[in-house]
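# Observations on chain architecture
Single-letter residue listing:
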Amino acid sequence: MGRLEGKTALITGGARGQGEAEAEQFAAEGATVFISDVLDDVGEETAARLGHAVTYVHHDVTSEDDWKGAVGGILDQFGRLDVLVNNAGIFQLGGLADTSLDDWNRMIAINQTGVFLGLKTGGIPMRDHGSGSIINISSIAGMMGTATAHAYGATKWAVRGMTKSAAAEFAADGVRVNSVHPGIVETPMLDAFGDARPVVTKRIPMGRTAQPAEVGNVVLVLASDEASYCSGHEFVVDGAFTA
Ligand code: NAD
């Protein structure tokens, strides 16, 4: 029996990268998986590649209507949502001088408001049902200061704090909420580093970047009932970067 047998999961930003890897891992463990994104063509291709257990839905995490549509569709079909991975995110380099107000607002809208809407739209039906697991994807930028990505770091610290508040709010109702903090992971997001990429990689004590499934392994445990007593905490997957 799979570790997520019978569970229904929604993974935001699941068209590619870590979300795609997690969808594959969840489906292999018996879950029915919905991946959502704004990259519709890529998302449809990913779902087709991963097989009948994975469905793509268009869903901009900054839109409350899109959240209601995505979660509402799952509730109509299955009666409950068991796992939500708030994974969608954007990254942009820039210290204070290089971050415009528009950059800041866009980062907050996707990386932070998107998680707020997920906790609210996904978490409340879980609470009413009496069970569920929410995994918020933060970053090592939510564990330490990040001189070169001010807005990104702000959102990832916020996600860490929001995770704890939601975990405390939902603890008595059977809903667990945890944050995962990846280090440097091989996904299209790394393109933002451009020429600086070798410099960043050199700082990783393990001497290599992570594969998406190495983060997915930790997300999978948190999604499953194996993590039944874990809530409100940070799970760092960074090759000792912050050690
Ligand atoms: P990625 O760029 O491959 O995937 C991010 C996905 O989010 C993309 O498919 C993108 O289209 C989607 N997305 C962006 N805006 C969206 C929106 N408004 N609504 C819905 N979807 C949207 O990068 P990834 O590495 O797979 O990123 C996944 C998560 O991991 C992000 O939250 C990211 O901040 C975090 N993270 C990544 C790294 C890394 O090194 N790659 C490190 C730490 C944390």
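Residues numbered from 1 in each chain as written. Predicted model: local features only at pLDDT ≥ 70, side-chain atom pairs only at ≥ 80, totals over all residues. Heavy atoms only, no water.

Each pocket or cavity is described by its volume, and for the largest pocket that value is around 1,200 Å³. In terms of lining, the largest pocket is formed by 49 residues, of which the most central are Gly89, Ile90, Phe91, Tyr152 and Met189. Among the elements of the structure, α1 (17-28), β2 (32-37), α4 (101-129), α5 (150-170) and α6 (197-202) are those that each provide at least two residues to the lining of the largest pocket. Looking at side-chain class alone, the lining of the largest pocket contains 27 nonpolar, 16 polar and six charged residues. Computed from the structure, the second largest pocket encloses a volume of approximately 160 Å³. Where the lining of the second largest pocket is concerned, the elements lending two or more residues are α4 and α5. Partitioned by chemical class, the residues of the lining of the second largest pocket number six nonpolar, one polar and three charged. (1 Å grid on protein atoms, 1.4 Å probe; cavity = no way out; pocket = protein on both sides within 12 Å on 5 of 7 lines; lining within 4 Å. Points joined across faces, edges and corners; volume = space filled by probe spheres on them. Helix = DSSP H or I, 4+ residues; strand = E, 2+ residues; numbered from the N terminus. Nonpolar A, V, L, I, M, F, W, Y, C, P; charged D, E, K, R; others polar.)

Turning our attention to the site of the ligand. Residues in close proximity to the ligand total 28 residues, the closest being Arg16, Asp37, Asn87, Tyr152 and Thr187. With respect to the ligand, the backbone of Gln18 contributes an N or O atom lying 2.8 Å from an oxygen atom. The cavity that encloses the ligand is the largest pocket. Those elements that provide at least two residues to the shell around the ligand are α1 and α5. Partitioned by chemical class, the residues of the shell around the ligand number 14 nonpolar, 10 polar and four charged. (Near = heavy atom within 4 Å. Polar contact = N/O pair within 3.5 Å; in protein donor to acceptor, adjacent residues only side chain to side chain. Sits in = over half its atoms within 2 Å of the grid points.)

Looking now at the sheet that holds strand β1 (residues 8-12). Spatial strand order, β3-β2-β1-β4-β5-β6-β7: seven strands in an open sheet with parallel pairing. Two strands close off the open sheet at either side, each with one partner strand: β3 (54-58) and β7 (234-237). Pairs of neighbouring strands in the sheet enclose a mean axial angle of 20°, with direction left out of account. Of the strand pairs in this sheet, β1 and strand β4 (residues 83-86) are connected by three bridges, and their pairing is parallel. (Pairing = 2+ DSSP bridges. Axes fitted to C-alpha atoms, helices over the stretch in contact; angles between N-to-C directions.)

Inspection of the entire model under this criterion finds one cavity of 30 Å³ or more. Quantified by volume, the largest cavity comes out at close to 50 Å³. Considering the residues around the largest cavity, the lining is formed by Gln92, Leu93, Gly94, Asp98, Thr99, Asp103, Met107, Ala149, His150, Ala151 and Tyr152. Residue assignment for the lining of the largest cavity shows that the elements contributing at least two residues are α4 and α5.

Turning our eyes to something else, we now look at the pairing of strand β5 (residues 132-137). For β5, the buried fraction is high: six of the six residues fall into the buried class. Across four bridges, the pairing between β4 and β5 is parallel. Residue pairing for β5: Val83 is matched across the bridge by Ser133. Once you follow β4 into α4 and on to β5, the crossover reads as right-handed. Pairing between β5 and strand β6 (residues 175-182): six bridges, direction parallel. Within β6, the position partnered with Ile134 by the bridge is Val177. (Buried < 20%, exposed > 50% of the residue type's maximum accessible area, 1.4 Å probe, protein only. Right-handed = clockwise from strand over helix to strand, strands pointing away.)

All we've got here are geometric facts, nothing functional implied.
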